[in-house]
Amino acid sequence: MKTLLYYELKKIFGLRRTLILSGAALLVCLASYWFTCIPTLAYNQFDLQRIRARESSLSSDRIPAEAEAAEERREEIINDPASYIGDVLPGEGESLWDTMKPERQEECERLENVITAGFVLRNYDSYTDELITKRDDPSLTGNQRLLLEKEIAMRQNAGILTDGYNAFYYYMILFFNNFAPVLLGFVIIVLLSPVFTREITAGTDALILSSRRGKRGVILIKFLASLLAVTNAFACIIGFYACLVGFTYGFEGGSTSSLFSFTDSFLFSESPFHFTMAQLLGILLAVSYAGCLGLASFMLFISSHVRSGTASVILSFTAYTVPLLIYFSTNGRESLPLGVYFYSGLIQAVSLFRRFDGWVLWGKPVWTGYLALGILAVLTLLWVLLSFRRSRRQQVGN
C-alpha cells in the first residue's frame, strides 16, 4: 500500500505540474505581500518599532476615557503650532506634518490610534443601539425578529475587548479574504483533475483496476493521495505566506480583539463574533481547509466521470469560477454573499464572520456558517460516494 501511495503521489506531483504550481503560488504570495504588507512599512520608513509604538494596548473598558483624553491632547497641539513644527515653516505644497518635529509626529500617531479605537467602539455601540431600536419595527416577520434578537444578544455579550498591535493576524486574514480563493482553488483543480482521467486517457485503467489490489485498494489509494496532496499544498502555501508576514511584522498580537484590526479597524466593525485574532485565524484556517477538502472531493467526482483530461480541467475551472464570480459580485450587499454556500466562499471564509446572517430552522435561528458547512459536508460525502461507485463500475465494465 505504501508503494502504491508513493507512486500515486508522484503522479499527482509531476515535475512540470509541480513547477508550474510552485511558480504560480510564489507569484501570488509575493504579489499579496508586496501590495498589502509593504505599503505600511514603506509609509513608516520601514521603522517597525515606530509602528509597534503607536499601537495602543487598551481594553474596551478604558478606551472611552483614553480616547477623550487623546482628543483633548490633540486639540492642545493644534492650538499651539509652535510646539510641534520644526525650525522651518512649511513651504509651498507642504503641510505642517512635513515639518513637524519627530517626537511630535510619534505622539500624534499614538493619539490618532487611541482616537480611532474610541471611534470604532462608539460605532460598535451605535450599531447595537440601531438593532435594539429596530425591535419596534412592525414590518419585521417572526423569523426576522428571531434573527435580530440573536444578533443583539451576541453583541451585548461581547465582554472586554482588547486593542493592540496585531499586524501578522490582520495580513493573514487579508490573504484569505483576497487571494486564497483564487490561488488554492487553482492549485487543487490542477492537481486533482487528472487523478482518474489520466489512466482512462492512457488506456491503462483496466490493467490497474484488475490488479491484485484493484478492487478497492487502488481507488482508496487515489482518495488518500488526493487528501495528502491537498493538505500538503494548503500547508505549504499558508505556511510560506505566514513566514513572509511573520518575519516582517512579528507574530505577536494573538490576544487582541478582531474588532480592532491593524490599520483597518472597520473590517469587523459590524461583526457580533468576539474572537481574539488568534482564535479567528485558527477558525479561518479550519474552515478554509474544510472548503479545500470539499473542492477536492468535487474534483475527484468530475475526474471519475469525464474521460478527457482537457475536458476535466475546463469543466472543473468553470464549476469553480462561476460561483467565485457570484461570490465577488454579491460581496458588497448587506446580507452575506450568495457565494458562501460554494467551495470558493468557504475557502475565503472571512465573510462568514464580518456580519451576522442566518436562517430560522424549526423555530431556532441558525447561523449561515453552520448551514454552509453542513451543506459542504453532505456534498463532500456525496461526491466521494459517487466517485467511488463510478470507479468500481469502470472496473467491472473493463
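What counts as what
Residues numbered from 1 in each chain as written. Predicted model: local features only at pLDDT ≥ 70, side-chain atom pairs only at ≥ 80, totals over all residues. Heavy atoms only, no water. Helix = DSSP H or I, 4+ residues; strand = E, 2+ residues; numbered from the N terminus. Buried < 20%, exposed > 50% of the residue type's maximum accessible area, 1.4 Å probe, protein only. Contact = heavy atoms within 4.5 Å. Areas by Shrake-Rupley, 256 points an atom, 1.4 Å probe, with all protein chains shown as cover. Patch = residues over 30% accessible without salt bridge, like charges linked within 9 Å, V, L, I, M, F, W, Y side chains within 5 Å. Salt bridge = Lys/Arg side-chain N within 4 Å of Asp/Glu carboxyl O. Expected span 1.5 Å × (residues − 1). Axes fitted to C-alpha atoms, helices over the stretch in contact; angles between N-to-C directions. Parallel < 35°, antiparallel > 145°, perpendicular 65-115°, else oblique. Left-handed = near helix turned anticlockwise from the far one by under 90°. Pairing = 2+ DSSP bridges. Core = buried A, V, L, I, M, F, W, Y, C linked by side-chain atoms within 4.5 Å. pLDDT = per-residue confidence, 0-100. Phe/Tyr/Trp six-rings, centres within 6.5 Å; stacked < 30°, edge-to-face > 60°. Nonpolar A, V, L, I, M, F, W, Y, C, P; charged D, E, K, R; others polar.

1. Re the overall build of the protein chain
For the protein chain, the helix and strand inventory stands at 15 helices and two strands. Residues classed as buried in the protein chain amount to 47% of the 398 residues present. By sequence separation, contacts in the protein chain at least 24 residues apart represent 76% of the contacts at least 6 residues apart. As displayed, the protein chain offers around 19,700 Å² of accessible surface, 62% of which is attributable to carbon and sulfur atoms.

2. A word on a nonpolar patch on the surface
Residues Leu 26, Leu 30 and Phe 240 make up a contiguous nonpolar surface patch of roughly 230 Å² in combined accessible area. Following the sequence through the fold, Phe 240 ends up in helix H11 (residues 217–249).

3. Some points on helix H8 (residues 180–192)
The α-helix advances 3.6 residues per turn, and as a result positions three or four apart in sequence lie on the same side. In a regular helix each residue adds 1.5 Å, so 13 residues correspond to 18 Å; H8 covers 18 Å between its end C-alpha atoms and thus fits that length. Most of H8 is tucked away: ten of the 13 residues are buried. Listed as buried for H8 are Ala 180, Pro 181, Leu 183, Leu 184, Gly 185, Val 187, Ile 188, Ile 189, Leu 191 and Leu 192.

4. Quick look at the packing of helix H7 (residues 167–178) against helix H12 (residues 277–305)
In contact at an axis separation of 10 Å, H7 and H12 are set at 25° when each is read in the N-to-C sense. It follows from the interaxial angle that H7 and H12 lie roughly parallel. The two elements H7 and H12 cross, and the hand of that crossing is left-handed. Where H7 abuts H12, its residues Phe 168, Tyr 169, Tyr 170, Met 172, Ile 173 and Phe 176 lie against Met 277, Ala 278, Leu 280, Leu 281, Leu 284, Leu 285 and Ser 288.

5. A look at the pairing of strand S2 (residues 364–367)
Where strand S1 (residues 358–361) lies against S2, four bridges are found, and the strand directions are antiparallel. Looking at the pairing, Gly 358 lines up with Trp 367 of S2. Counting the residues in the hairpin turn of S1 and S2 gives two residues, including Trp 362, whose phi is positive at 55°.

6. Regarding the nonpolar core
Counting residues in each nonpolar core, the largest one holds 82 residues, and the members touching the most others are Tyr 171, Leu 192, Tyr 241 and Tyr 249. Examining the composition of this core, we find that 15 residues originate from one element, H11, more than from any other. Leave out the neighbours within four places in its chain, and Leu 192 touches Ile 12, Ser 226, Val 230, Ala 296, Met 299 and Ser 303. Among the nonpolar cores identified, the runner-up in size contains 17 residues, and Ile 63, Val 114, Ala 117 and Tyr 124 belong to it.

7. Thoughts on the environment of Asn 113
Locating Asn 113 in the fold gives a position in helix H5 (residues 102–133). Classification of Asn 113 as buried rests on a relative accessible area of 16%. Sequence separation of Asn 113 and Ser 265 is 152 residues, and the distance between their C-alpha atoms is 10.0 Å.

8. Brief notes about the confidence of the model for the protein chain
Looking at the protein chain as a whole, the pLDDT averages 81, with 83% of positions reaching at least 70. When mean pLDDT is taken per element in the protein chain, H7 scores highest with 92 and helix H10 (residues 205–209) scores lowest with 50.

9. Considering the pattern of salt bridges
For the coordinates displayed, the defined rule picks out four salt bridges. A salt bridge links Arg 62 to Glu 66; the nearest nitrogen and oxygen atoms lie 3.4 Å apart. Assessed through its relative accessible area of 40%, Arg 62 is described here as partly exposed. Between Glu 149 and Arg 135 there is a salt bridge, with its nearest N and O atoms 3.0 Å apart. Separated by 14 residues along the polypeptide, Glu 149 in helix H6 (residues 142–156) and Arg 135 in the loop between H5 and H6 bring together distant segments of the chain. Its relative accessible area of 31% is what places Arg 135 among the partly exposed residues.

10. A closer look at the packing of aromatic side chains
Here the structure, examined in full by the defined rule, presents 24 aromatic pairs. Note on Tyr 170 and Phe 262: the rings are 6.2 Å apart at their centroids and 70° apart in plane angle, and the pair reads as edge-to-face. Residue Tyr 170 is found in helix H7, and its partner Phe 262 is found in the loop between H11 and H12; the two are separated by 92 residues along the sequence. For the pair Tyr 170 and Phe 262, a shared accessibility class is recorded, and that class is buried. For the ring pair Tyr 171 and Tyr 249, a centre distance of 5.1 Å and an interplane angle of 35° mean the geometry is tilted. Of this pair, Tyr 171 sits in helix H7 while Tyr 249 sits in helix H11, and the two are 78 residues apart along the sequence. Three or more aromatic residues joined by ring pairs form one cluster here, namely Tyr 165, Tyr 170, Tyr 171, Tyr 249 and Phe 262.

11. Points about H11
Spanning 33 residues, H11 covers 47 Å between terminal C-alpha atoms, matching the ideal 48 Å at 1.5 Å per step. Phi turns positive one or two residues past the end of H11, at Gly 250, with a value near 90°.

12. Section: unusual backbone geometry
A positive phi is found at Ala 349, a non-glycine position, where the angle reads about 70°. Tracing the backbone shows Ala 349 in the loop between helix H14 (343–348) and S1. Its relative accessible area of 0% is what places Ala 349 among the buried residues. Positive phi outside glycine occurs at Trp 362, with the angle close to 55°. For Trp 362, a relative accessible area of 82% corresponds to the exposed category.

13. Some points on the packing of helix H1 (residues 2–12) against H11
Two elements in contact, H1 and H11, have axes whose closest approach is 9 Å; the angle formed by their N-to-C orientations is 55°. Compared by their axis directions, H1 and H11 come out oblique. Like other packed secondary-structure pairs, H1 and H11 cross with a definite hand, here right-handed. Contacts from Leu 4, Leu 5, Glu 8, Leu 9, Lys 11 and Ile 12 of H1 reach H11 at Ile 221, Lys 222, Leu 224, Ala 225, Ser 226, Leu 228 and Ala 229. The residue makeup of the contact of H1 with H11, split by class, is nine nonpolar, one polar and three charged.

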